[in-house]
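Residue-level structure breakdown
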There are 2 protein chains.
Amino acid sequence: MQSKPSHKTIRDIAELAGVSLMTVSRVINNSPLVRESTREKVMAIIEEQKFKVNITARSLVSQKTYTIGVFFSTIEHKVSDSFTMQCLREIYNTLAPGYNMVVKDFSQGLYEYNPSRTDGIIFISMQESDDEFISLIQQENPKIVVINRRTSIPNIINITIDEEAGAKAAVELLIRKGYKNIGLINGQPNIQANIDRANGYYQALQEARLPVNAARIYNGSFNFEGGYLMMTRLLQNTPDVDAVFCANDEIAVGALKALEERGLKGKIAIVGFNDSEIGRYTTPPLTTVHKPVDEMARQGCKALFDLINGKEHSELRHVLPTELVIRKSATKKID
Amino acid sequence: MQSKPSHKTIRDIAELAGVSLMTVSRVINNSPLVRESTREKVMAIIEEQKFKVNITARSLVSQKTYTIGVFFSTIEHKVSDSFTMQCLREIYNTLAPGYNMVVKDFSQGLYEYNPSRTDGIIFISMQESDDEFISLIQQENPKIVVINRRTSIPNIINITIDEEAGAKAAVELLIRKGYKNIGLINGQPNIQANIDRANGYYQALQEARLPVNAARIYNGSFNFEGGYLMMTRLLQNTPDVDAVFCANDEIAVGALKALEERGLKGKIAIVGFNDSEIGRYTTPPLTTVHKPVDEMARQGCKALFDLINGKEHSELRHVLPTELVIRKSATKKID
DNA sequence: TTGAAAGCGCTACCAC
DNA sequence: GTGGTAGCGCTTTCAA
């Protein structure tokens, strides 16, 4: 003696409307093959009964989940919250109608991954070791896009930002302003952005025929604490430094704090990276490199839906340019 | 002439293993009703074929989606990124095994909501107007939890934080330190946290028999810019203010910036709210109110899974306490 | 323009 | 222990 389930199905609606369940299906799918009067009759019952189509049943037959995955290298503290949220917001706002987004981190590997749960995936990748996991997934589900980090996986859509050129431009600015002993405070060494930004730093120095001094280069973490600790250490070990390129804005904020404590604020130039909101509210306001995260996320999301919808995407790799944002933390050197 | 689909089903595995599909089903569900040798044989084929169960099909018959919704009042700029990320991280880490989380904002209302897509929902609510939407959803799907904001909806699990007591404690601290002309910089007036924190401010003043002066109260936005703009206006209009309670830490950072520009840093005490990371790296370091966001999110998520699993939850409402974090931005008043 | 039948991939239920 | 059958709620295909 089974009682009826509480939710309504198209069969219930069909009975109430005195039509077949196929007609109801046509109505909810906006098929033109329904007489207008029939459609109205069915729609009235649907509204009255507050009927909502069962997405699971639809998914089973259509072989689509109407869900995409947004997978982070790690949802933990490796990147700044503002960056993560910027990605999520932009992807959310670019979702195709009717689509949901599932947020996951893939630091635990394949263990919980099941291709039947998503129509496609955007990877926000941070480090080279991600590629192993991404390739495995690619074999089962080719509808994937990698953003934020250059990947060497073939035949994959990969939207990145020219981190190296951005970092180089930042250091070149410092050189133009008259700084010669330029330090570098970086984040976790395994993060690709770290490697790229360090390369930009090296290049700028080399092209200006300035020596690269390993004693001025520090690796910490991409956060306030990393910046503070490394700047403190840098000031102790290499007090001749006159400017520091910080690999992101959080590091720069921490570095400014260390300068302030030693009464050196304004004496040593600081440049950040990312153009986070906070940089406009530091003292002095932060010169930084604008990273077009919104654009990257949007393009990645659009490319994924093109893939899902079977549209060909001719350009597999897309590298977006950065832009220098000049504020007061790196003005002309005064001796 | 239809070619076989690329993905494997339990039927394929059954054929390859020479058993019925029921046996395969039992194996993937860890049923004890399978002979060990049979299990091993089937498992070998599963691994060899890289078979993964189709979650959609399982969902259709089990009437479970293995997905929860994490719905924000708005994913846009009403709250700080650090708060949003803290909620997401903690919920993610509290998810039951096999569960996915879908992140959405419900600023657009019911339009896209479909109860067949989630087994339950955690609402991170910000404003009273959310209740209308939440009640509508509650009718179709009673497995919901509301966190962050007191809701008047009956029979609903509601985990909040005693914002009022936290704000009151912060202002009482200022009073104890000798401040008398205490301003308030708040966020958007419709946000509940705003109302609660303002009430805490009023209460502390009233209990200390200090006058509440409307000219010292400013409403802006819960971000750096709001703090900066309102502090600037406050300094112009009511220069007798000797301390300011800011409704969150981002506001406090903006306010410190405005003070610094006028050479007033250290002269006017500042207290924030939330205990965000940034507060440890301002100058001076920020005295603030610790909001146990992690705990709130974790309890909300656990309660939701209790609900989903049919466990009774005796305590519907839970209010978590805050804690004062004393740093240098609000030391004893010096005249 | 409408409807009947088949079946998506899986689990619940019953039989052996 | 194992297998057959029904059916979750929907769309696709074909027939009327």
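Please refer to the structure higher up on the page.
Residues numbered from 1 in each chain as written. Chains lettered and ligands numbered in written order. Predicted model: local features only at pLDDT ≥ 70, side-chain atom pairs only at ≥ 80, totals over all residues. Heavy atoms only, no water.

Let's talk about the relation of the copies chain B and chain A
As a reminder, the rule being used: Our superposition of the copies is a least-squares fit, built on the C-alpha atoms of residues whose pLDDT is at least 70 in both. For this analysis, residues touch if any pair of their heavy atoms sits within 4.5 Å.
Expressed as a screw operation, the relation of chain B to chain A combines 0.0 Å of axial shift with a rotation of 180°, fitting to an RMSD of 0.0 Å. What the superposition gives is, in effect, a two-fold axis relating one chain to the other. Distance from the rotation axis, computed per C-alpha, reaches its smallest value in chain B at Val102(B): 2.2 Å. A symmetric contact is evident, with 100% of the interface residues of chain B recurring at the interface of chain A.

Section: the nonpolar core
Worth spelling out the cut-off: For this analysis, a nonpolar core means a set of buried residues of the types Ala, Val, Leu, Ile, Met, Phe, Trp, Tyr and Cys, connected via side-chain atoms within 4.5 Å. Each residue gets one of three labels from its accessible area relative to the maximum for its type: buried under 20%, exposed over 50%, partly exposed in between, using a 1.4 Å probe on protein chains only. Strands are runs of DSSP state E lasting at least two residues, helices are runs of H or I lasting at least four, and both sets are numbered from the N terminus onward.
If you look at the biggest cluster of nonpolar residues, it comprises 136 residues, and the most contacted ones within it are Ile68(A) and Ile68(B). Sort the elements by how many residues they give to this core and helix α11 (residues 293–308) of chain A lands first, with nine residues. In contact with Ile68(A), not counting residues within four places along its chain, are Ile91(A), Leu95(A), Tyr99(A), Asn100(A), Met101(A), Val102(A), Thr118(A), Gly120(A), Ile122(A), Leu304(A), Phe305(A) and Ile308(A). Listed in part, the 20 residues of the second largest apolar core include Leu174(B), Tyr179(B), Ile182(B) and Phe245(B).

Structural notes on the protein's contact with DNA strand D
What counts is decided by this rule: Any residue with a heavy atom lying within 4 Å of a molecule or strand is counted as near it. A 3.5 Å cut-off defines polar contacts: any pair of N or O atoms within that distance qualifies, except that in protein one atom must be a possible hydrogen donor and the other a possible acceptor, and neighbouring residues in sequence count only when both atoms are side-chain atoms. Residue polarity follows a fixed list, in which Ala, Val, Leu, Ile, Met, Phe, Trp, Tyr, Cys and Pro are nonpolar, Asp, Glu, Lys and Arg are charged, and the others, Gly among them, are polar.
Around DNA strand D, a shell composed of 25 residues is seen, among which His7(A), Ile10(A), Ser25(A), Thr23(B) and Arg26(B) lie nearest. When the atoms of DNA strand D within 4 Å of the protein are sorted by group, sugar and phosphate make up 62%. Ile10(A) is positioned with one of its backbone polar atoms (N or O) 2.5 Å from a phosphate oxygen of DNA strand D. Between DNA strand D and Thr23(B), the relevant distance is 2.5 Å, taken from a phosphate oxygen to a side-chain nitrogen or oxygen of the residue. Residue assignment for the surface near DNA strand D shows that the elements contributing at least two residues are α2 (21–28) and α4 (55–62) of chain A together with α2 (21–28) and α4 (55–62) of chain B. Of the residues belonging to the surface near DNA strand D, the class tally is 13 nonpolar, nine polar and three charged.

Side note on helix α11 (residues 293–308) of chain B
Residues and elements named next belong to chain B. Cut-off, in case you're wondering: To estimate the expected span of a helix, subtract one from its residue number and multiply by 1.5 Å.
Taking 1.5 Å per residue as the helical rise, α11 with its 16 residues ought to reach 22 Å, and the 22 Å between its terminal C-alpha atoms agrees with that figure. Three or more residues of α11 are buried, namely Val-293, Met-296, Ala-297, Gln-299, Gly-300, Cys-301, Ala-303, Leu-304, Phe-305, Asp-306 and Ile-308. Of the residues one or two after α11, Gly-310 is the one with positive phi, at around 75°.

Brief notes about the protein's contact with DNA strand C
In the vicinity of DNA strand C lie 25 residues, with Thr23(A), Arg26(A), Thr38(A), His7(B) and Ile10(B) positioned nearest. Taking the atoms of DNA strand C that fall within 4 Å of the protein, sugar and phosphate contribute 64% of them. One of the backbone nitrogen or oxygen atoms of Asn54(B) is found 3.0 Å away from a phosphate oxygen of DNA strand C. For DNA strand C, a base nitrogen lies 3.3 Å from a polar atom in the backbone of Ala57(B). Sorting the residues of the surface near DNA strand C by element identifies α2 and α4 of chain A together with α2 and α4 of chain B as the ones contributing at least two each. Grouping the constituent residues of the surface near DNA strand C by class yields 13 nonpolar, nine polar and three charged.

Comments concerning the sheet that holds strand β7 (residues 217–219) of chain B
Residue and element names in this part refer to chain B. The condition that has to hold: Note on pairing: DSSP must find at least two bridges between two strands before they are called paired. Only the stretch in contact is used when fitting a helix axis, every axis being a line fitted to C-alpha atoms; angles between N-to-C directions are given from 0 to 180 degrees.
Ordered by their spatial adjacency, four strands build an open sheet running β7-β6-β8-β9, and the pairing between neighbours is parallel. Every interior strand has two partners, whereas the edge strands, β7 and β9 (269–271), have only one. Within this sheet the neighbouring strands show an average axis-to-axis angle of 15°, counted without direction. Two strands pair when backbone bridges link them, and strand β6 (residues 182–186) and β7 are joined in this way by three bridges, in the parallel orientation. Residue pairing across strands places Ile-185 opposite Tyr-218, the latter belonging to β7. Its contacts with the sheet put helix α7 (residues 163–176) on β6, β8 (243–246) and β9, and the angle it makes with β8 is roughly 170°. Contacts from helix α8 (residues 192–207) reach β6, β7 and β8, with the element oriented near 175° to β6.

Section: the interface of chain B and chain A
Reports often express the size of an interface as the amount of accessible area lost when the parts come together. The condition that has to hold: When two parts are brought into contact, each loses some accessible area as probed by a 1.4 Å sphere; the total of that loss over both is the buried area. We define a salt bridge as a contact between a side-chain nitrogen of Lys or Arg and a carboxyl oxygen of Asp or Glu at a distance within 4 Å.
Contacts between the two partners involve 57 residues from chain B, matched on the other side by 57 residues from chain A. For chain B, the biggest contributors to the area lost against chain A are Arg89(B), Arg117(B) and Tyr281(B); these three give 15% of the whole. The interface formed by chain B and chain A holds four salt bridges in total. A salt bridge links Lys52(B) to Glu140(A), with the shortest nitrogen-to-oxygen separation between them at 3.7 Å. Remark: the boundary between chain B and chain A carries 25 residue pairs in polar contact (both at pLDDT 80 or more). At the level of secondary structure, the elements contributing two or more residues to the side of chain B that touches chain A comprise α4, α5 (81–94), β2 (100–105), α6 (130–140), α9 (224–237) and α10 (249–261) of chain B. Per element, the largest residue contribution to the side of chain B that touches chain A is eight residues, and it comes from α5(B).

Concerning the sheet that holds strand β7 (residues 217–219) of chain A
All names here are of chain A. The four strands lie next to each other as β7-β6-β8-β9, forming an open sheet whose pairing is parallel. At either end of the open sheet lies a strand with only one pairing partner, and these are β7 and β9 (269–271). Neighbour to neighbour, the strand axes of the sheet diverge by 15° on average, direction disregarded. Here strand β6 (residues 182–186) runs beside strand β8 (residues 243–246); their pairing, made up of four bridges, is parallel.

Considerations on empty space enclosed by the protein
The test is simple: Cavities and pockets are defined on a 1 Å grid built over the protein atoms alone: a cavity is a set of grid points where a 1.4 Å probe fits but cannot escape, while a pocket is an open set with protein on both sides within 12 Å along at least five of seven lines, and lining residues are those with an atom within 4 Å of any such point. Grid points are joined across faces, edges and corners, and a volume is the space filled by probe spheres set on the points.
Tallying each qualifying case throughout the model produces seven cavities of 30 Å³ or more. Considering only enclosed or pocket space, the largest cavity measures out at about 270 Å³ in volume. Among the elements of the structure, α4 and β2 (100–105) of chain A together with α4 and β2 of chain B are those that each provide at least two residues to the lining of the largest cavity. In terms of lining residues, the second largest cavity is bounded by 16 residues, among which Tyr281(A), Thr282(A), Tyr281(B), Thr282(B) and Thr283(B) are the most central. Of all elements in the fold, only α10 (249–261) of chain A together with α10 of chain B reach the threshold of two or more residues within the lining of the second largest cavity. In terms of residue class, the lining of the second largest cavity is made up of eight nonpolar, four polar and four charged.

Some points on helix α1 (residues 10–17) of chain A
All names here are of chain A. Those residues of α1 lying buried are Asp-12, Ile-13, Ala-14 and Ala-17. Contact partners of the buried residues in α1: α2 and α3 (36–48). Downstream of α1 by a residue or two, Gly-18 has a phi angle that is positive, lying close to 70°.

Side note on the state of the cysteines
All names here are of chain A. To keep it simple, the criterion reads: We call a pair of cysteine sulfur atoms a disulfide whenever their separation is within 2.5 Å.
In this structure the tally under the stated criterion is zero disulfides over all chains. Looking at the unpaired Cys-301, the closest cysteine sulfur is the one in Cys-87, lying at 11 Å. Given the relative accessible area of 0%, Cys-301 is considered buried.

Considerations on the packing of α5(B) against α11(B)
All names here are of chain B. Filter applied, for reference: Angle categories: roughly parallel below 35 degrees, roughly antiparallel above 145, roughly perpendicular from 65 to 115, and oblique for all the rest. In this scheme the handedness of a crossing depends on how the near helix is turned from the far one: anticlockwise by less than a right angle means left-handed, clockwise means right-handed.
Direction vectors running N to C along α5 and α11 enclose 40°, while the axes themselves pass 8 Å from each other. Here α5 lies oblique to α11, going by the angle between them. By crossing handedness, the relation of α5 to α11 is classed as right-handed. Side by side, α5 and α11 meet where Phe-83, Gln-86, Cys-87, Glu-90, Ile-91 and Thr-94 of the first sit next to Val-293, Asp-294, Met-296, Ala-297, Arg-298, Cys-301, Lys-302 and Phe-305 of the second. In terms of residue class, the contact of α5 with α11 is built from eight nonpolar, two polar and four charged.

So, the environment of Ile153(A)
Residues and elements named next belong to chain A. Secondary-structure assignment places Ile-153 in the loop between β4 (144–147) and β5 (157–161). Residue classification places Ile-153 among the buried residues on the basis of a relative accessible area of 5%. It is 9.1 Å that separates the C-alpha atoms of Ile-153 and Glu-132, two residues lying 21 residues apart in sequence. In this structure Ile-153 touches Asp-131, Ile-134, Ser-135, Gln-138 and Arg-317, once residues within four positions along its chain are discounted.

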